[in-house]
Amino acid sequence: MTSEWLAPSTRSELIENLVSGVDRYNPSNVGILEDYLYHQIRSEEYDCLANLAILKLYQFNPDLYNPDVVINILIKALTASPLPDFNLCISLLDERSLNSQLDEPDPLPTILPTLKGLHNLLFRCRFPAFWEIYQSTELELLRDNYTVEVTGFEDAVRAVAIRAVRATFTRISSERLGSYLNLSGSDLTAYIQKLGWSVDSSTSVVTIPPNPDNQIEATVVQESVKLPQLTKIIAHSVAKA
């Protein structure tokens, strides 16, 4: 997983050279990296390091700053939870000088607290609360102007929930799983089948296949203490008594 994060298999040679070489800090390449971000948005791909490179260029060159690009980067980073991608992106915004030459009001200061709140819910595995807030009237602007453009955004959020369920449960009720995924009825059934999980039709309980995270195994720890060491310990204890 670490190797895929550092160098996604979908990253082209051109982007690899920009991200890994000295051209990473060349402001003339920001357009290439921004185009790559929008490719990620359309194709359900994700490259955190390339997106961080954009934010670093904005930090060094405030005149390049594009709030819509920043918001899209943060939306993509949301679905990487529990990895620290979102916080890494935020750390590069804190020191950024706001560009006073924008033609329109900057939407980032208004949307950023909302994105931080959504990230907090995902990180804490409060999935039903996430869906309730995400689908609220207050977040209509975010949905209509941003996440609607991110292909597969809701499925990417569901993947975050599935990672948590796989690591925590061996069995879970269909109703509870549906609340995590914001799915019900035939949509939930189809999603479970796609995962390859089984459902008991009489109890509506979903069985999660065994994996290293959801299996409890006893670990036997053996310590080897040699006789001379034991003699020293006993002698020390007697001396203190």
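Scroll up to find the structure.
So, here is what we can say about the structure in this document. Every value quoted in this text rests on a predicted model; they were computed, and no experiment measured them.

A few points about the overall build of the protein
Step number 1: Counting its secondary structure elements, the protein contains 13 helices and 3 strands.
Step number 2: Taken over 241 residues, the protein has a buried fraction of 40%.
Step number 3: Within the protein, contacts between residues at least 6 apart in sequence are counted, and of these 66% link residues at least 24 apart.
Step number 4: Only carbon and sulfur atoms are counted for the fraction: they give 53% of the accessible area of the protein, which is about 14,200 Å².

Observations regarding the side chain of Asn29
Step number 1: Its place among the elements puts Asn29 in the loop between helix H2 (13–20) and helix H3 (30–43).
Step number 2: Residues contacting Asn29, with those up to four places away along its chain left out, are Leu18 and Asp23.

Side note on the packing of aromatic side chains
Step number 1: Enumeration according to the criterion identifies 7 aromatic pairs in this entry.
Step number 2: With 6.3 Å between their ring centres and 75° between their planes, Trp131 and Tyr134 make a pair best called edge-to-face. Residue Trp131 and its partner Tyr134 are located together in helix H8 (residues 127–134), separated by 3 residues, close to a single helical turn. No difference in accessibility class separates Trp131 from Tyr134, as the two residues are buried.
Step number 3: By way of ring pairs, the aromatic residues Phe130, Trp131, Tyr134 and Phe153 are connected into one cluster.

Structural notes on the sheet that holds strand S3 (residues 205–207)
Step number 1: In spatial order, the strands read S1-S3-S2; together these 3 strands make up an open sheet with antiparallel pairing. Each edge of the open sheet carries a strand with a single partner, namely strand S1 (171–173) and strand S2 (198–200). Shown here is a sheet whose adjacent strand axes are inclined to one another by a mean of 30°, direction ignored.
Step number 2: By the bridge criterion, 3 bridges tie S1 to S3 in an arrangement that is antiparallel. Residue Ile172 lies in a different strand from S3, and its bridge partner there is Val206.
Step number 3: The sheet strands contacting helix H11 (residues 174–181) are S1, S2 and S3, and the helix crosses S1 at an angle near 80°.

The rules we used
Residues numbered from 1 in each chain as written. Predicted model: local features only at pLDDT ≥ 70, side-chain atom pairs only at ≥ 80, totals over all residues. Heavy atoms only, no water. Helix = DSSP H or I, 4+ residues; strand = E, 2+ residues; numbered from the N terminus. Buried < 20%, exposed > 50% of the residue type's maximum accessible area, 1.4 Å probe, protein only. Contact = heavy atoms within 4.5 Å. Areas by Shrake-Rupley, 256 points an atom, 1.4 Å probe, with all protein chains shown as cover. Phe/Tyr/Trp six-rings, centres within 6.5 Å; stacked < 30°, edge-to-face > 60°. Pairing = 2+ DSSP bridges. Axes fitted to C-alpha atoms, helices over the stretch in contact; angles between N-to-C directions.

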